[in-house]
Structure formats: C-alpha cells, structure tokens
Amino acid sequence: MKAPQNKHTSVGQILLGSLFLLSASFTAGSRCSANTFGTVIPDTSLSTNIFDKASPGGLALCARECKYRRRCKSFNYMDAIDECQLNAEVLTGSGENTTGLSYSNINTWPETIGSTCANDVCTDLEKCVPGPTGYTCQTIYYNVVQQTNTALIGKIFDTVTAGTETACADACHSRTVCVSFNYKSSSNRCELNTETMLTDYISYIGNQLGSFYSNVDQYTPVSIVI
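Residues numbered from 1 in each chain as written. Predicted model: local features only at pLDDT ≥ 70, side-chain atom pairs only at ≥ 80, totals over all residues. Heavy atoms only, no water.

**Some remarks on the state of the cysteines**
Operational definition: Cysteine sulfur pairs qualify as disulfides if the two atoms are within 2.5 Å.
Counted according to the given criterion, the structure contains six disulfides. In the protein chain, the cysteines engaged in disulfides, taken in order along the sequence, are linked 1-4, 2-3, 5-7, 6-8, 9-12, 10-11.

**Things to note about the pairing of strand E11 (residues 180-184)**
Rules: Working definition: with a 1.4 Å probe on protein chains only, accessible area under 20% of the residue-type maximum means buried, over 50% means exposed, and in between means partly exposed. Helix and strand definitions follow DSSP, with helices as H or I runs of at least four residues and strands as E runs of at least two, each counted in order from the N terminus. Only strands joined by at least two bridges in the DSSP assignment are considered to pair.
For E11, the buried fraction is high: five of the five residues fall into the buried class. Side chains of E11 alternate between two faces, with Ser 180, Asn 182 and Lys 184 and Phe 181 and Tyr 183 buried alike. The pairing of E11 with strand E12 (residues 189-193) spans five bridges and is classified as antiparallel. Counted as the bridge partner of Lys 184 is Arg 189 from E12. Hairpin connection, E11 to E12: the antiparallel pair is bridged by four residues, and Asn 188 has positive phi, about 55 degrees. Strand direction decides the pairing type here: E11 and strand E14 (residues 211-215), joined by five bridges, are antiparallel. Bridging across to E14, Lys 184 finds its partner in Ser 211.

**Considering the sheet that holds strand E5 (residues 96-105)**
The line we're drawing: Axis definition: a line fitted to C-alpha atoms, limited for helices to the stretch in contact. Angles are taken between N-to-C directions and run from 0 to 180 degrees. We call two residues contacting when some pair of their heavy atoms lies within 4.5 Å.
On the basis of which strands lie adjacent, the open sheet formed by five strands has the order E1-E5-E3-E4-E2 and antiparallel pairing. Where the open sheet ends on each side, the last strands, each with one partner, are strand E1 (41-45) and strand E2 (50-54). Across the sheet, the mean angle separating the axes of adjacent strands is 40 degrees when strand polarity is ignored. Pairing of E2 with strand E4 (residues 83-87), which is carried by four bridges, proceeds in the antiparallel orientation. Paired with Asp 52 across the bridge in E4 is Leu 86. Packing against the sheet, helix H2 (residues 59-67) makes contact with E2, strand E3 (74-78) and E4, and its axis sits at approximately 150 degrees to E3.

The quantities given are spatial measurements derived from coordinates; they are silent on function.
Have a look at this one:
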C-alpha cells in the first residue's frame, strides 16, 4: 500500500523554488547565492512614483538596475513580462494590491548586488556602469522641459483654475517664484511650482496620468497679472 501523498506545499518549498527560478535568470558570470536576495512583497506595488522602467531578465537583476541609480529607492517587478519599475520613493503603508507585481525596498538588498557600483558617487541624472575594477557614470537622464503624464510633486506653492495649458503657463508667468507647472486638463487644475525637474529631480514623477508638466520658459506670456 502506497504511503499517502502530501498535497500541501510548504511555504519553505515555495520560497526555495522561487529562489531557484530567480537565480536561473542570471548568466553564468553573474550568479549569486540565496543570501543575495532582499525582502520581496508579492502582489504589491507602488505605482505613483515610477521614474524609469527596464527589462533586466529577472527580479534580482531588477534590484541591480535599482542599485545602479542613486535616485531609486524601491522597485516593482512583474515576472510574467519581465518589467522592472523603478521608484523614487518607498512604501509608507500597505501598498497597492496588484496581482503579478512584487514590491521590494532596495535597502533590504545587500550592496554587493551592485558589484563595483556599491559605493559609487554618480548623480541623480546618471547610471552607474560597473567595470572589472571600478565603474563609470553614464548620463541617461536629461533636463525634461515638457512631458505628458508627468508632474513635479512636492514643490507646488499654489493651485489655480485654467482653461488651457497656455492659460496655466500665463498664471505661472504672473508669479515671480513660479518656474514650472503641472496642468490637468480634465479638471482645469493648474499647479504652480517653485522648482523645475533639473533643480529638483527627486520630485519629478512620471506615471501621473492626465498631468502635463512644463517649464514656464517654454511659453511666451500672453498677459502679465500684477
């Protein structure tokens, strides 16, 4: 008589299986042991602070992409389509319930995941590129002066109603401290900013659907209201 089969898979078996699959995503020259992996929260994501995306080839390589960028504080990874979403912030609550996406705080990963970029001094506009004995800083982000579905958050000093982007720019021109704006056409909401993407890169956030960001110097003032 056959012994009864255990139809229940333990959490430990699931984790070991996951680590095996993750490590398989590395090339032979970049494999790492199980203690390389950080804390991963399944079916959870942070979608409001994504500033870049990549297709790295695995979850651990997504963490590496995050380590290569000083601005990256956490990431979301979708294994089904190999999409790595890099975040400029970390979760402060439970996050969004998103099936298929896994969230991880980059601080839970060891510095060694970044290879020779572990202690780089690259800027927010650069990506660290590791080499055999050191690293180089490659500029991959440039001064964005206008962008759809994007906003500069955290530097809004006033909000007004404007019927068009031009009217929003005019409102910004009328305020001496205003140097850029976010415009939401669906609600005619015009948010006036005291900084630009270049001077405050950390607050420049993509994935803001319906928001149009622009430096005010891209517009000639229609009228000046004192």
